[in-house]
Every structure is written in C-alpha cells, then in structure tokens.
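# Coordinate inspection notes
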Amino acid sequence: MSKKLIIKCPICKTLVERENETFPFCSDRCKTNDLGNWASGAYSIPDTNVHEFDDDEHGTIH
Ligand SMILES: [Zn+2]
C-alpha cells in the first residue's frame, strides 16, 4: 500500500497528486502562472542582498 501524496496547487488550490506530470501544479497553465508570479515579484522574497546605501557622505567637506 503506497501513500498518495496530494497537495493543493499553489495557484488555483486544486488538489494535485504527486504522480501528476506538472506536480506541484495541477496543470501547465498554473506552472507557467507561477513562473510569472516570480518574475513579477508576487512572492515576497527577503531582500538579503539589497542594502540601502547612503549617498550623503556625512562628514565630507567640499
Ligand atoms: Zn492549478
């Protein structure tokens, strides 16, 4: 007896079996949709590499 892993499609919340070709997405469309989300920054990714630089050099005398 093997367990079936079923999760919800991250895009449309349809249940998807692990056997599905497009797992963890229910379809190619949702897979593409997900890539689109990444590209447009729909997911919140911690900006660990982005720092705010202070252009105003305090203490510099011109
Ligand atoms: Zn889906």
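Every value quoted in this text rests on a predicted model; they were computed, and no experiment measured them. (Residues numbered from 1 in each chain as written. Predicted model: local features only at pLDDT ≥ 70, side-chain atom pairs only at ≥ 80, totals over all residues. Heavy atoms only, no water.)

In terms of helices and strands, the protein chain carries one helix and two strands. Its helices and strands taken in sequence order, the protein chain reads β-β-α from the N to the C terminus. Counting all 62 residues of the protein chain, 10% fall into the buried class. Long-range pairs, those at least 24 residues apart, make up 4% of the contacts in the protein chain with a sequence separation of at least 6. As displayed, the protein chain has an accessible area near 5900 Å², and 53% of this comes from carbon and sulfur atoms. (Helix = DSSP H or I, 4+ residues; strand = E, 2+ residues; numbered from the N terminus. Buried < 20%, exposed > 50% of the residue type's maximum accessible area, 1.4 Å probe, protein only. Contact = heavy atoms within 4.5 Å. Areas by Shrake-Rupley, 256 points an atom, 1.4 Å probe, with all protein chains shown as cover.)

So, about unusual backbone geometry. With glycine set apart, most residues show a phi of negative sign, and most peptide bonds adopt trans. With omega at 5°, the peptide bond leading from Phe23 into Pro24 counts as cis. Here Pro24 is to be found in the loop between strand 2 (15-17) and helix 1 (28-40).

Moving on, we get to the coordination of the zinc ion. Put simply, a metal with four donors set out as a tetrahedron has ideal angles of 109.5 degrees, and one with six donors set out as an octahedron has ideal angles of 90 or 180 degrees. Within the protein, the atoms that donate to the zinc ion are Cys9 (SG), Cys12 (SG), Cys26 (SG) and Cys30 (SG), at distances of 2.2 to 2.3 Å. Metal-centred angles of 101 to 119° between the four donor atoms at the zinc ion mark the site as tetrahedral. Here the donor residues of the zinc ion are spaced in sequence according to C-x2-C-x13-C-x3-C. (Donors = N, O, S within 2.8 Å, 3.2 Å for Na, K, Ca; no water. Tetrahedral: all angles 85-135°; square planar, octahedral: opposite > 155°, others 65-115°.)

This paragraph deals with the environment of Asn33. Within the secondary structure layout, Asn33 lies in helix 1. As a C-alpha pair, Asn33 and Ile11 span 22 residues in sequence and 7.4 Å in three-dimensional space.

Now for the confidence of the model for the protein chain. For the protein chain, mean pLDDT is 80; residues scoring 70 or higher make up 68% of the total. Element-level pLDDT for the protein chain is lowest in helix 1, with a mean of 85, against a maximum mean of 96 in strand 2. (pLDDT = per-residue confidence, 0-100.)

Tracing the backbone shows Lys8 in strand 1 (residues 6-8). With 17 residues separating them in the primary sequence, Lys8 and Phe25 have C-alpha atoms 7.9 Å apart. Those residues in contact with Lys8, other than ones at most four positions away along the chain, are Lys13, Thr14, Leu15, Val16 and Pro24.

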